[in-house]
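Overview (structure and organization)
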Amino acid sequence: MAAGIPSSMQAAGIVQEGDLVLLTAARPFVLPAEAEEASRVVEELNAAADRVAALHDFAKGMGIAAPQIGIGRAAALVRPPEGETLTLLNPVVVEESAEMDEQFEGCLSFFHVRGLVPRPLMLRVAYETADGQRCVSVFGRGLARLVAHEVDHLAGKLYRARMRPGVEPISVAEYRGTGAAWQYEG
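Throughout what follows, the structure given in this document is the object of discussion. Since the model is a prediction, treat every value here as computed from it, not as a measurement. (Residues numbered from 1 in each chain as written. Predicted model: local features only at pLDDT ≥ 70, side-chain atom pairs only at ≥ 80, totals over all residues. Heavy atoms only, no water.)

1. Describing the environment of Leu 108
Relative to the helices and strands, Leu 108 is located in the loop between strand E4 (100-105) and strand E5 (113-120). Taking the C-alpha atoms as reference points, Leu 108 and Arg 160, separated by 52 residues in sequence, lie 13 Å from one another. Filtering out sequence-adjacent residues up to four positions away, Leu 108 remains in contact with Met 9, Ile 14, Gln 16, Val 52, Phe 58, Met 62, Gly 63, Ile 64 and Gln 68. (Helix = DSSP H or I, 4+ residues; strand = E, 2+ residues; numbered from the N terminus. Contact = heavy atoms within 4.5 Å.)

2. A word on helix H2 (residues 35-53)
Side chains of residues three or four places apart in an α-helix project in the same direction, reflecting 3.6 residues per turn. Compared with an ideal rise of 1.5 Å per residue, which puts 19 residues at 27 Å, H2 spans 26 Å between its outermost C-alpha atoms and is within 8% of the ideal. Inspection of H2 places Ala 38, Val 41, Val 42, Leu 45, Ala 48, Ala 49 and Val 52 among the buried residues, and these make up the whole buried set. Axial view of H2: buried residues confined to an arc of 125°, hence all on one face. Among the exposed residues of H2, those oriented more than 90 degrees off its buried face are Glu 36 and Glu 43. (Expected span 1.5 Å × (residues − 1). Buried < 20%, exposed > 50% of the residue type's maximum accessible area, 1.4 Å probe, protein only. Arc of directions from axis to C-beta.)

3. Notes on the sheet that holds E4
Pairing within the open sheet is antiparallel, and its three strands lie in the order E4-E5-E8. In the strand order of this sheet, the two ends are held by E4 and strand E8 (170-171), each with one partner. Of the strand pairs in this sheet, E5 and E8 are connected by two bridges, and their pairing is antiparallel. Of the residues in E8, the one forming a bridge with Arg 114 is Ile 170. Set on the sheet, helix H3 (residues 141-154) makes contact with E4 and E5; between it and E5 the angle comes to about 105°. (Pairing = 2+ DSSP bridges. Axes fitted to C-alpha atoms, helices over the stretch in contact; angles between N-to-C directions.)

4. Side note on the nonpolar core
Of all hydrophobic cores here, the largest spans 23 residues; its most connected members are Val 52, Ile 64 and Leu 108. Those elements that place two or more of their residues in this core are H2, strand E1 (62-65) and strand E2 (75-79). A per-element tally of this core places H2 first, with seven residues. Core analysis: the next-biggest nonpolar cluster, separate from the first, contains 12 residues, Val 78, Leu 123, Ala 144 and Val 147 among them. (Core = buried A, V, L, I, M, F, W, Y, C linked by side-chain atoms within 4.5 Å.)

So this is what it looks like as structure tokens:
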């Protein structure tokens, strides 16, 4: 374990495993009526993501959900390795591929371990903008994994609940010996 990383995440304002907010379904926004509140939460998420990004390089991208900063509302950000930050308000997975893969994931709320998590290779996600516009986007591979992880947070589910029975998270030191990068065929 890298010295100080979990306490650094906590110092950066990330709620740590054991806090009930991480196991409670987030309350959806009523949009556009709560647009101002949604915008405030998104600003707080961006500030927290900036603090976390200053502590660690996220070569595969990163995400953060409102419960991870102690706000039980249905908002999440995903920062892919390249491209624009995705803002997801009230996201719901409406379709997922039957084709799955299993890759290691980390979580800011228990950053000292990595878990081998099966996820669909494609997700179709419905979400809203602050002005209440409904959007549907399709995400594939690594981006689908990042989005699924954050949508799970909003449902009060941690990645450990998705791991195969008998599979346990491994230490960061052990993980670093695995070759780390997500691999996809084709």
